[in-house]
Amino acid sequence: MPHSARFVAGAADPRRLPKLDYPEIAFAGRSNVGKSSLLNRLVGQHRLARVSKTPGRTQQINFFLIDERLTFVDLPGYGFARVPAAVQQQWKHLVEAYLTHRKNLRAVVVLVDLRREIEADDMVLLDFLRVHRLPAILVATKADKLAYGERLRRVQGFAEVVGSSVAVIVTSASSGDGIADLWRGITACVGDRQRG
């Protein structure tokens, strides 16, 4: 079912982060993990978040109002080698400022390609979230690219790496697998009390 969704703000500087009233769910992951495709699938729109063949296109934090009650926050991707080191540092500063200062932030959806291992950058983010007591939902993307048995084996491996404190949800933006499960996880986090 399509959701109402619209872009409301973008910020490339921590001082320009918008003041918004609704609970926020942030989406983070490596530059080629399929974040834009997943965001589009979650809201049932094809062009809410721009999908690019070139990783590293999201260069600011983008805010989308969903159903006039919730904000999805698209964070710049990490781990893309072609982005200059100075730009990567700028993004890191921007994302850390966002994650540590948003009172309405309810959870961070961390996307990892199911076909790959959980990489060092992913673990750094998960550890950062744990230290700052920010709930994380680990989403394994691109599940449609693997056979069912291989999916199960990889999810078990992910769960062993991250431990029991982080739920792992398997999704596919192409087939829609796991989208309802992810919505349930988001809804549960939004129902939690406001931070700070």
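Structure shown above.
The structure contained in this document is the topic of the report that follows. What you see is a predicted model, and the numbers here were worked out from it, not measured in a lab.

## Remarks on the sheet that holds strand β6 (residues 136–141)
Ordered in space as β1-β3-β4-β2-β5-β6-β7, the seven strands form an open sheet in which the pairing is mixed. For this open sheet the edge positions go to β1 (5–11) and β7 (167–170), each flanked by a neighbour on one side alone. The sheet shows a mean angle of 25 degrees between the axes of neighbouring strands, taken without regard to direction. In the sheet, β1 pairs with strand β3 (residues 61–66) via six bridges, with the strands oriented antiparallel. By the bridge assignment for β3, A9 is matched with F63. The strands touched by helix α1 (residues 35–43) are β1, β2 (24–29), β3, β4 (70–74), β5 (105–113) and β6; relative to β4, the strand with the most contacts, the crossing angle is about 165 degrees.

## Remarks on unusual backbone geometry
Across residues other than glycine, the phi torsion is negative in most instances, and most of the peptide bonds are trans. Here the phi dihedral of D67 falls at roughly 55 degrees; this positive angle occurs in a residue that is not glycine. Unlike most non-glycine residues, E68 shows phi in positive territory, near 55 degrees. As for its position among the elements, E68 is in the loop between β3 and β4. You can call E68 partly exposed: its relative accessible area is 42%.

Definitions and cut-offs
Residues numbered from 1 in each chain as written. Predicted model: local features only at pLDDT ≥ 70, side-chain atom pairs only at ≥ 80, totals over all residues. Heavy atoms only, no water. Pairing = 2+ DSSP bridges. Helix = DSSP H or I, 4+ residues; strand = E, 2+ residues; numbered from the N terminus. Axes fitted to C-alpha atoms, helices over the stretch in contact; angles between N-to-C directions. Contact = heavy atoms within 4.5 Å. Buried < 20%, exposed > 50% of the residue type's maximum accessible area, 1.4 Å probe, protein only.

Note that all results are geometric; they support no functional claim without further evidence.
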